[in-house]
Amino acid sequence: MATVNVSDDTFETEVLKSSTPVLVDFWATWCGPCKMIAPSLEEISDEMSYSVKVAKVDIDVNQQSAMNYGVRSIPTMILFKDGEPAATLVGAQPKGKIAEWIKQYA
């Protein structure tokens, strides 16, 4: 399963009402570190599709979702479980660290 692009309009349906945990990557097109972790997130989305959905929110286009969850720097990844934020990881991280973080909280 590839990553899912989520907007302010679809955030509730795709993330908050998801039956599986959702890793939301808050990013922007101009963000270098965001581009660095994008391939890792795609791989995680494929490899861990049984346990987590990976969603991407472009904060330039969807500012409300970023504001709702206090995103101040990007990339910020928030893991949602049962409609609530369970954990937050800020900054570009190696794929292995992101995967371990997901396993810890999902």
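Since the structure is predicted, the reported quantities are computational estimates derived from the model, not experimental observations.

Caption draft 1: Just the overall build of the chain, in detail. Broken down by element type, the chain carries four helices and five strands. Helices and strands in the chain line up, N terminus first, as β-α-β-α-β-α-β-β-α. Expected size for 106 residues packed as a compact globule is a radius of gyration near 13 Å; at 12 Å, the chain falls within 12% of this value. Along the first, second and third principal axes, the C-alpha atoms of the chain reach 30 × 30 × 20 Å. Looking at the 106 residues of the chain, the share that counts as buried comes to 47%. For the chain, the exposed surface amounts to about 5500 Å²; the carbon and sulfur share of it is 51%.

Caption draft 2: Structural context of the state of the cysteines. Here the structure, examined in full by the defined rule, presents one disulfide. Disulfide pairing is shown between Cys31 and Cys34; the S-S distance is 2.3 Å. The sign of the S-S torsion, about 80 degrees, decides the handedness of the disulfide formed by Cys31 and Cys34: right-handed. Assigned by exposure class, Cys31 and Cys34 land together as buried.

Caption draft 3: Structural context of the packing of aromatic side chains. Per the counting criterion, the structure on display carries four aromatic pairs. Among the aromatic residues, those joined into a cluster by ring pairs are Phe11, Tyr69 and Phe80.

Caption draft 4: Highlighting the environment of Phe11. Inspection of the secondary structure puts Phe11 in helix 1 (residues 11-16). In sequence terms Phe11 and Val52 are 41 residues apart; their C-alpha atoms lie 16 Å from each other. The residues contacting Phe11, other than those within four sequence positions of it, are Val6, Leu16, Val24, Phe26, Val57, Ser65, Tyr69 and Phe80.

Rules of the game
Residues numbered from 1 in each chain as written. Predicted model: local features only at pLDDT ≥ 70, side-chain atom pairs only at ≥ 80, totals over all residues. Heavy atoms only, no water. Helix = DSSP H or I, 4+ residues; strand = E, 2+ residues; numbered from the N terminus. Rg over C-alpha atoms; globule rule 2.2 N^0.38 Å. Buried < 20%, exposed > 50% of the residue type's maximum accessible area, 1.4 Å probe, protein only. Areas by Shrake-Rupley, 256 points an atom, 1.4 Å probe, with all protein chains shown as cover. Disulfide = S-S within 2.5 Å. Phe/Tyr/Trp six-rings, centres within 6.5 Å; stacked < 30°, edge-to-face > 60°. Contact = heavy atoms within 4.5 Å.

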